[in-house]
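# Examination of the molecular architecture
So the chains spell out like this:
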Amino acid sequence: MENTEDNKSMIDKIQKIKQELGNKLVILTHHYQRKEIVDLGDHKGDSFGLSQKAASDENAQYIVFCGVHFMAESAAILAKSHQTVQIPDLDAGCWMADMADAYLVEKAWNDVTAIVGQNRVTPLVYMNSDAYIKAHCGKNQGAVCTSSNAPKAFEWAFKQREKIFFFPDEHLGRNTGNHLGIPENEMIVWDPEKPLGGNTEQDIKQAKVFLWKGYCLVHTRFTTDDMDDMRKNFPDAKIVVHPECTQEVVKSSDAVGSTSFIVKYVADAPAGATIIIGTEINLIKRLVFEYPDKKILPLKDSLCPNMYKINLKNLLECLENIGKTNIITIEESIKKDAVIALENMLNL
Ligand code: SF4
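Residues numbered from 1 in each chain as written. Predicted model: local features only at pLDDT ≥ 70, side-chain atom pairs only at ≥ 80, totals over all residues.

### Quick word on the site of the ligand
Which entries qualify depends on this criterion: Should the C-beta atom of a residue, placed from the backbone, lie within 6 Å of a molecule or strand, that residue is near it. All amino acids are sorted into three groups, where Ala, Val, Leu, Ile, Met, Phe, Trp, Tyr, Cys and Pro are nonpolar, Asp, Glu, Lys and Arg are charged, and the leftover types, Gly among them, are polar.
Every residue lining the ligand is accounted for by Val68, Cys94, Trp95, Met96, Asn128, Cys216, Leu217, Val218, Glu280, Cys304, Asn306 and Met307. Residue composition of the shell around the ligand, grouped by class: 9 nonpolar, 2 polar and 1 charged.

If you want it as structure tokens, here you go:
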């Protein structure tokens, strides 16, 4: 952030509003937000941690979510009737979430259950999804999960029924399946553009996990060639990546985990360690700043333009219009079912 008069004045105004509102206001900031936004937040974390905060903070009348739209939606689903959830920029969406269109998800679900039978598939949906998809999972006794608790969610889902339909991130689903030792040929990709997702009836009957063909453009940019290049230059380095990366990248890494895992991995590393990270660049920049005694490098610069839409200007505007603008509302019928899927996750 440039240390301009303008920026300083906006920060002063934000802090003044925070002081005036006291514990009536809570600002949640995702790890991928710019440093100046994280510095102004009350809580920073990944989507799981922040959704727990949003659910448990009864005092807060106003929840301002500095993250992308689906995160604010999840907070709004869990919010109590006296709470409003606002997002500084309503256009901060998520490409991955947009890949699971409600109509196509419903169609895929009907196709699969028509072949394997009702009550044989548990739907699991990654937090990075539209409220409608979460509601679809709640309605069909499924759960939401995050990159922190995906393995637990898979184990829970298999206790309910013998198959899982995982939306919308193919890579998180496959990496989780690999971690749990599910054979490769029992996980099939569902391409919504193709009849039966590009599978035969036989494939569908035999599969244990259906993986919706969605992906994160930020995390699938990393390749094993990037890793080889970095290892040549930094032979003692450890490489830690996010599970939205491809399985090839995950398998070649030294460690894999959610953003919170990555933060802890860096915190726990000894002074002098070299750590190369495959995730969103704003988190990495912040870690470089916080741990000057360690050498922290990005596997490649990869920025999420949607997360980057939140800035001092729109955060200030949002706070100046607290409870009035950019409010996230969820239809009651969707909320009722989505809450089931979110609560199933919070109870994992
Ligand atoms: S990093 Fe990827 S999954 Fe996360 S908000 Fe950005 S596009 Fe969506």
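### Points about unusual backbone geometry
Rules: Each helix is a run of DSSP H or I of at least 4 residues and each strand a run of E of at least 2, with the numbering of both proceeding from the N terminus. Three exposure classes are used, based on other C-beta atoms lying within 10 Å of a residue's own C-beta, which is placed from the backbone: buried for 20 or more, exposed for 12 or fewer, and partly exposed in between.
Proline 168 follows phenylalanine 167 through a cis peptide bond whose omega is -25°. Position of proline 168 relative to the elements: it lies in the loop between strand 7 (163–167) and helix 9 (170–179). Although it is not a glycine, asparagine 326 adopts a positive phi angle of roughly 50°. Tracing the chain through its elements places asparagine 326 in the loop between helix 15 (312–320) and helix 16 (332–346). For asparagine 326, a count of 18 C-beta atoms within 10 Å corresponds to the partly exposed category.

### Concerning the sheet that holds strand 4 (residues 84–86)
Which entries qualify depends on this criterion: Here, strands pair whenever DSSP counts at least two bridges between them. Geometry is summarised by axes, namely lines fitted to C-alpha atoms with helices restricted to the contacting stretch, and by angles between N-to-C directions that run from 0 to 180 degrees.
The 4 strands are arranged 2-1-3-4 in an open sheet whose pairing can be described as parallel. Each edge of the sheet is formed by a strand with only one pairing partner; in this case those strands are strand 2 (43–45) and strand 4. Averaged over all neighbouring strand pairs, the angle between strand axes comes to 20°, with direction disregarded. As judged from the 3 bridges shared by strand 3 (residues 62–66) and strand 4, these two strands associate in the parallel manner.

### Description of the domain arrangement of the protein chain
The figure often quoted for interface size is the accessible area lost as the parts come together. The criterion, for reference: Where each domain starts and ends follows an automatic or database-derived domain assignment.
Segmentation of the protein chain into domains returns domain 1 (5–93 + 307–331), domain 2 (97–216) and domain 3 (224–298). The distance between the C-alpha centroids of domain 2 and domain 3 comes to 29 Å. Of the residues in the side of domain 2 that touches domain 3, the class split is 2 nonpolar, 7 polar and 2 charged.

### Describing the pairing of strand 10 (residues 238–241)
For a regular strand, the rule is simple: side chains alternate between the two faces of the sheet. As a reminder, the rule being used: When the strands point away from the viewer and the connection leading from the first strand across the helix to the second strand turns clockwise, the crossover is called right-handed.
Bridge analysis of strand 10 against strand 12 (residues 274–278) gives 4 bridges, and the strand direction is parallel. Bridge pairing in strand 12 places lysine 238 opposite isoleucine 275. The pairing of strand 10 with strand 11 (residues 255–256) spans 2 bridges and is classified as parallel. Among the inter-strand pairings, valine 241 is bridged to a residue of strand 11, identified as valine 256. For the handedness criterion, the β-α-β arrangement of strand 10, helix 12 (residues 247–252) and strand 11 is classed as right-handed.

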